[in-house]
Amino acid sequence: MDLSKLTISEARRALDTKEYSALDLTSAYLEQIAKKDGEIHAYLEVWADSAREEAKAADEMIAAGKSLPLTGIPLAVKDNILIVGRIASSASKMLENYRASYDATVISKLKAQGAVFLGRTNMDEFAMGSSTENSAFGLTKNPHDTSRVPGGSSGGSAAAVAAGMALAALGSDTGGSIRQPASHCGLAGLKPTYGAVSRFGLMPMGSSLDQIGPLTKNISDAETVFDAIRGHDENDSTSAPDDFYPAQALKRVVGVPRAFVEKGIDADVLALFNATLEKLRTAGYELRDIEMPNLPFSLPVYYVVCPAEVSTNLARYDGIRYGYSAPADDIAGVYAKSRAGGFGPETRRRIILGTFVLSSGYADAYYRKARAVRDIIRNDFEQAFLSVDCVAMPTAPGPAFTIGEKTSDPLAMYAEDIFSVTANLAGVPAMSIPSGTVERGGKKLPVGFQLIAAHGNEAALFTIGKEVEKV
Amino acid sequence: MTDKVDIGALAKLARLEVSPEEMKKLETEIPEILAFVDTIQKANVSAEAKVPELRNVMRADDNAIESGTYTKKILDAAPARDGDRVAVKQVISRKK
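A few points on the structure. The structure displayed is predicted, hence computed values, not measured ones.

Conventions used here
Residues numbered from 1 in each chain as written. Chains lettered and ligands numbered in written order. Predicted model: local features only at pLDDT ≥ 70, side-chain atom pairs only at ≥ 80, totals over all residues. Helix = DSSP H or I, 4+ residues; strand = E, 2+ residues; numbered from the N terminus. Rg over C-alpha atoms; globule rule 2.2 N^0.38 Å. Buried ≥ 20, exposed ≤ 12 C-beta atoms within 10 Å, placed from the backbone. Pairing = 2+ DSSP bridges. Axes fitted to C-alpha atoms, helices over the stretch in contact; angles between N-to-C directions. Contact = placed C-beta atoms within 7 Å. Nonpolar A, V, L, I, M, F, W, Y, C, P; charged D, E, K, R; others polar. Core = buried A, V, L, I, M, F, W, Y, C linked by C-beta atoms within 7 Å. Parallel < 35°, antiparallel > 145°, perpendicular 65-115°, else oblique. Left-handed = near helix turned anticlockwise from the far one by under 90°.

### Brief notes about the overall build of chain A
Now for step 1: A tally of regular secondary structure across chain A gives 16 helices and 11 strands.
Now for step 2: The C-alpha radius of gyration computed for chain A amounts to 21 Å, which stays within 12% of the reference 23 Å derived for 471 residues, consistent with globular compactness.
Now for step 3: Residues counted as buried form 61% of the 471 residues belonging to chain A.

### Let's talk about the sheet that holds strand S8 (residues 286-289) of chain A
All names here are of chain A.
Now for step 1: In space, the 11 strands of this open sheet follow the order S1-S3-S2-S4-S6-S5-S10-S11-S9-S7-S8, with mixed pairing throughout. The sheet terminates laterally at strand S1 (43-46) and S8, the two strands that pair on one side only. Ignoring strand direction, the axes of neighbouring strands in this sheet form an average angle of 30°.
Now for step 2: Two elements, strand S5 (residues 188-191) and strand S6 (residues 211-216), share two bridges in a ladder whose sense is antiparallel. Across the sheet, Gly189 pairs through a bridge with Leu215, a residue of S6.

### Focus: the interface of chain B and chain A
By convention, interface size is frequently given as the accessible area that disappears when the constituent parts associate.
Now for step 1: Across the contact, 38 residues belong to chain B and 44 residues belong to chain A.
Now for step 2: Of all the secondary structure elements, the ones that give two or more residues to the side of chain B that touches chain A are helix H1 (7-13), helix H2 (20-37) and helix H3 (71-77) of chain B.
Now for step 3: Broken down by element, the side of chain B that touches chain A gets its largest block of residues, seven residues, from H2(B).
Now for step 4: Of the residues that constitute the side of chain B that touches chain A, the class distribution is 27 nonpolar, four polar and seven charged.

### Notes on the nonpolar core
All names here are of chain A.
Now for step 1: The biggest cluster of nonpolar side chains holds 164 residues, and the ones touching the most others in it are Leu75, Ala166, Val304 and Cys390.
Now for step 2: For this core, the element with the most residues is helix H10 (residues 298-313), which contributes nine residues.
Now for step 3: Beyond its immediate stretch of four places on either side in the chain, Ala166 contacts Tyr29, Pro74, Leu75, Ala76, Leu118, Ala160 and Val161.
Now for step 4: Core analysis: the next-biggest nonpolar cluster, separate from the first, contains six residues, Leu139, Phe401, Ile403 and Leu445 among them.

### So, the packing of H10(A) against helix H13 (residues 364-384) of chain A
Residue and element names in this part refer to chain A.
Now for step 1: Closest axis-to-axis distance for the H10/H13 pair is 9 Å, and the angle between their directions is 130°. With respect to H13, the axis of H10 lies oblique. Relative to H13, H10 is oriented so that their crossing is left-handed. On H13, the residues that touch Ser298, Val301, Val304, Val305 and Ala308 of H10 are Tyr366, Tyr367, Ala370, Val373, Arg374 and Ile377.

### Regarding the pairing of strand S7 (residues 253-256) of chain A
All names here are of chain A.
Now for step 1: In the sheet, S7 pairs with S8 via four bridges, with the strands oriented parallel. By the bridge assignment, Val256 is partnered in S8 with Asp289.
Now for step 2: In this sheet, strand S9 (residues 390-394) lies alongside S7 in parallel orientation, the contact comprising two bridges. By the bridge assignment, Gly255 is partnered in S9 with Val391.

Below, the structure is given as structure tokens:
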């Protein structure tokens, strides 16, 4: 088996025809991790022993003819998703020794399928960042060029799959944290519709934005993982009932917000984007230029709404109930010192920013204004989806950047999210699809093509995405 | 829109101890980020914004979980405990 090319569908076939066992497959991945992860550092922890046990249990399911789509499939899990008894740290000193006391719903669903968990992957602390450099436990390198970042915040998950160290991985996406690393590592990355996948057991960052989704080698695999983890969950009151959005017929029309797409993007990335659009035209899709006049406000709106939600969500890390606790004379001291010692610089920056935009005297001009602008951005999408199946955009304005390039300039780092935050603000599903490479410093770097669909219309992403995937 | 951002006051509100060096850094970074996000003031929201349909999610108002079911799990995660309680430092202290 060639782990660099293996897909879930091919592994499923081989496992079910007993070409190799789930234990063979898991052992091959563990070997690959031992060989490669010293350099890449995609994993914060590898669970070799339990992975082998899970693989053996999967082999029994297969032998009994009870194989499910993900039985025996070795997966990596982002470090902000809870697995009972396992450390889940969100790559933060705050939770360095925190052991989950329950399974996230997505994990229960994957366990029921007999999936194998290889380990937990590196990320930007509490999922804040676009490069995985904000991890408290060291950075992750891009397997395509180890002088570059894998993107973020789900950078460890992306690097693990891209380096053949996991067959697929779970990530979380608040403003592009699945799609942008997928783009930078040459993978398919899906952010489902807000409410499609339960967030029970996902550490919250921006609760009106967060979704869990898969990073995989191709679209068909993304669909398989999405089908396994989706669905209503009574433990997550924001998860949508299963028939909440009606099925939508395909119009075979793709919309392009030209004016928005052509600003602040690398020339060769834009050329590749246009070439991919032409492929869709050749495949029989109509391309339509569309006006979405409020899209340019997406990034500033996001950097009001997200920090506001971060500052409230992260109030729970106070050194009292769990996580890092610093000694002090009184309780106020414990709070302030624990939070200072537990949180990294970007997390602290966003907490301060969020505290400001929510503070009395400024909340109207910042937070409430941003909420209002978010509504008109959402309206832009609703208008667009009256006439198109998908809105197409690049995933990110450039390929993977070099390590350290943007760490000293928060605004340059935030600009990575310009195209991806749009879908989170509108709550609509979006996917990054590998669409070729551009060259930087003699290395070929992957670039993603992003499709965004209407609420509940992941089907359009998969159908049209598969056209993009065909060379 | 903002002339001066009082980082010290914000840190206090956020219950976050900030070192003098970080304070200096944040005093330039936060206004820069705020100047960037301030572009939202240019958006025209006078057009009738459609409020997304909201739904209430309810459950029956009975005791879904028997008392004590998760006591051990919750206490195991706490940094300090005193019997079956999470132990905390003094909340109200005499002025020094």
